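# Topology and contacts: notes
Residues per chain, in single letters:
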Amino acid sequence: MSDPEAKKPTTGSLTTRWLGLAVLAGTAAVALLGLLAAPADDVQLDAVRIIFVHVPVAIGAYVAFGLTAVGSLMWLWRRSAWWDVTAHAAAEIGVLLCGLTLATGMLWGRPTWGTYWEWGDVRLVTTLILFLIMVGYLSVRSLGGDEAASTRAAVVGLVGAVNLPIVNQSVNWWSDRTLHQQSSLTDGKLENLTLFTVFLAIVVTVLAGLWMMIHRFRIGWLERELRAADLDAAIEARRSEAAAAADLDADPEIAAPEAARNRP
Amino acid sequence: MRPDPAPDPGRPTPAPPAAGPAARPSPAAASRVLETWRDAALVADKDLRVEWRSRATLGQVVPFAGLVLILFGFALDAHRPTLRLAAPGLFWLTALFVTVVAAQRSTAAEAADSSRRMLLLAGVHPGAVFAGKAAAVAVQILAVELVMVAGVLVFYGVRIESIPLIAATCLAATAGLAAAGSLLAALVAGSRARETILPVLLMPVAAPVLIAAARAFDAALGSAAVNGWRWLGLLAVFSVVNVMLGVGAYGPLAEEV
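A brief structural summary. Bear in mind that the values here come from a model prediction, so they are computed numbers and not experimental data.

The next subject is the interface of chain A and chain B. Every contact between the two is made by 27 residues of chain A and, on the other side, 27 residues of chain B. At the boundary of chain A with chain B, the tally comes to zero salt bridges. The tally of links between chain A and chain B comes to two residue pairs in polar contact (both at pLDDT 80 or more). Of all the secondary structure elements, the ones that give two or more residues to the side of chain A that touches chain B are helix H2 (51-78), helix H4 (122-141) and helix H5 (147-173) of chain A.

Moving on, we get to a nonpolar patch on the surface. All names here are of chain B. On the surface, a nonpolar cluster with roughly 850 Å² of combined accessible area is contributed by Leu-67, Ile-70, Leu-71, Phe-74, Leu-153, Val-154, Phe-155, Ile-160 and Ile-163. Only helix H2 (56-75) and helix H5 (126-155) provide two or more residues apiece to the nonpolar patch. Per-element tally for the nonpolar patch: the top contributor is H2, with four residues. Tracing the backbone shows Val-154 in helix H5. Owing to a relative accessible area of 56%, Val-154 belongs among the exposed residues under this scheme.

The next thing to look at is the packing of helix H1 (residues 27-54) of chain B against helix H3 (residues 80-111) of chain B. All names here are of chain B. Here H1 crosses H3 at 100°, and the two axes come no closer than 11 Å. Considering the angle they form, H1 stands roughly perpendicular to H3. Residues Lys-46, Asp-47, Glu-51 and Ser-54 of H1 touch H3, and the partners they reach there are Arg-105, Ser-106 and Glu-110.

Turning next to the nonpolar core. Residues A:Met134, A:Val140, B:Trp92, B:Tyr156, B:Leu187, B:Leu202 and B:Leu235 are the most contacted members of the largest nonpolar core, which totals 107 residues. Excluding residues within four positions of it along the chain, B:Leu202 makes contact with B:Leu96, B:Thr99, B:Val100, B:Ala180, B:Gly181 and B:Leu184. Among the nonpolar cores identified, the runner-up in size contains 13 residues, and A:Val48, A:Phe52, A:Val198 and A:Val204 belong to it.

Bringing unusual backbone geometry into the picture now. The phi dihedral of A:Arg79 falls on the positive side, at around 55°, and the residue is not glycine. Within the secondary structure, A:Arg79 is located in the loop between H2 and helix H3 (81-113).

This part takes up the side chain of A:Thr126. With respect to the secondary-structure elements, A:Thr126 resides in helix H4. A polar side-chain atom of A:Thr126 sits 3.2 Å from the main-chain carbonyl oxygen of A:Arg123.

Turning to empty space enclosed by the protein, a few remarks are in order. Applying the stated criterion to the full structure yields three cavities of 30 Å³ or more. Counted as a void, the largest cavity has a volume near 90 Å³. Lining the largest cavity are A:Val159, A:Val162, A:Asn163, B:Val205, B:Pro208, B:Val209, B:Phe238, B:Val241, B:Asn242 and B:Leu245. Elements that contribute at least two residues to the lining of the largest cavity include exactly H5 of chain A together with helix H7 (194-221) and helix H8 (228-256) of chain B. With four residues, H8(B) is the single largest residue contributor to the lining of the largest cavity. Taken together, the residues that form the lining of the largest cavity break down as eight nonpolar, two polar and no charged.

Analysis parameters
Residues numbered from 1 in each chain as written. Chains lettered and ligands numbered in written order. Predicted model: local features only at pLDDT ≥ 70, side-chain atom pairs only at ≥ 80, totals over all residues. Heavy atoms only, no water. Contact = heavy atoms within 4.5 Å. Salt bridge = Lys/Arg side-chain N within 4 Å of Asp/Glu carboxyl O. Polar contact = N/O pair within 3.5 Å; in protein donor to acceptor, adjacent residues only side chain to side chain. Helix = DSSP H or I, 4+ residues; strand = E, 2+ residues; numbered from the N terminus. Patch = residues over 30% accessible without salt bridge, like charges linked within 9 Å, V, L, I, M, F, W, Y side chains within 5 Å. Areas by Shrake-Rupley, 256 points an atom, 1.4 Å probe, with all protein chains shown as cover. Buried < 20%, exposed > 50% of the residue type's maximum accessible area, 1.4 Å probe, protein only. Axes fitted to C-alpha atoms, helices over the stretch in contact; angles between N-to-C directions. Parallel < 35°, antiparallel > 145°, perpendicular 65-115°, else oblique. Core = buried A, V, L, I, M, F, W, Y, C linked by side-chain atoms within 4.5 Å. 1 Å grid on protein atoms, 1.4 Å probe; cavity = no way out; pocket = protein on both sides within 12 Å on 5 of 7 lines; lining within 4 Å. Points joined across faces, edges and corners; volume = space filled by probe spheres on them. Nonpolar A, V, L, I, M, F, W, Y, C, P; charged D, E, K, R; others polar.

What follows is the structure, given as structure tokens:
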């Protein structure tokens, strides 16, 4: 019978519970404001409401990949295990958010551009490249081998980081090769309530990403400690075997014939 | 590998003589840079010699590239106008496949008997090892590209409108492909899934090189009215970034992987 007093292992804490509740409340507020209160667009009509998901998940992906780059750099520079686990956790959340960015972008593109995918659009293409590089990052992570895997992944993380400013600035650099509008948040084209809802959605998405990341970080940290404990146990077992062998050598009944054999 | 013992990179270098002006580089630093270049040239020479003796590029990689170009022809129904339009993209996609093969071979040669570790133990700077290996891979890719240019002229019926643009694009794109390929091949070296994971990593990283090189070729072959020299500038930036990443990241990778 299980002990009723025994606590279930969990990655949750008081902070994550409050953070989770705040994210839930924020999501409900964004849904209400975005679907009911914010006005429809004159041209795009209700399709514009996908901005409340698309822009926040895109920004969340940038933040996560930026964190992966910082973590990768800190691993290569300082061998910081904390940053290494952070980089891994951020990359997983980043890939999820980047995938959502592509999916919501395609869903938005169909009613507004008339197509799910446009090869001529540099931001779409560069985002896809970034997504694929970071999928590669996770593949390298899955290769195993602890420190070697961390170093390999850190290099891929930095390669991905090189792409980050290119994706972010692509609509400005190649304005003749994109269907994307210039930054909607800074050019004052959005209504006040729409703008407020977008900013609220960005905050909620970043907090949701942070909530997921903290849980993923704790799992990663526990995995690391478990591997270290397994290694310590294996070393201890080998030491015990060596000590047992030394005891046998020291035993006079076993050692004496051996010594006699070695005598000239 | 070389007669003089290499200086320990971790050891502090002696201060320059006080008499000289502060801005002048110290002779020790200048000789270290020279030595790094010399090491890179030695590594490139060694890799190319191994490649030449095995005749793998000539006997396997060139026929592979030709085969891919011909199969593209079959896939596009041998329709000359379509092939002419698609030639720049098909050329650079083939070059990317060639990079995967060449980079994989270059690292496989180092894997036997822990050669890479021994190179580092010999005191060769990791950046020099990377530069040498990438240069050797670049020479091989360039040699295959020379045959591929002849291939697209014959099989796809394209006409060259700007030889300098073709040459400059090949040089810049190949530097980027070789650098990215050599770095990522070193990254997956020794892992159990290196054959499958290298293309997964290299193809997205090389995608910007592929896009820019294909657009520059569009202009050089007259397939589309684009400013090829502008794309070449972008290509040069990508290539420089890839080379710098490789020189910086090869050290930690070589020590651990």
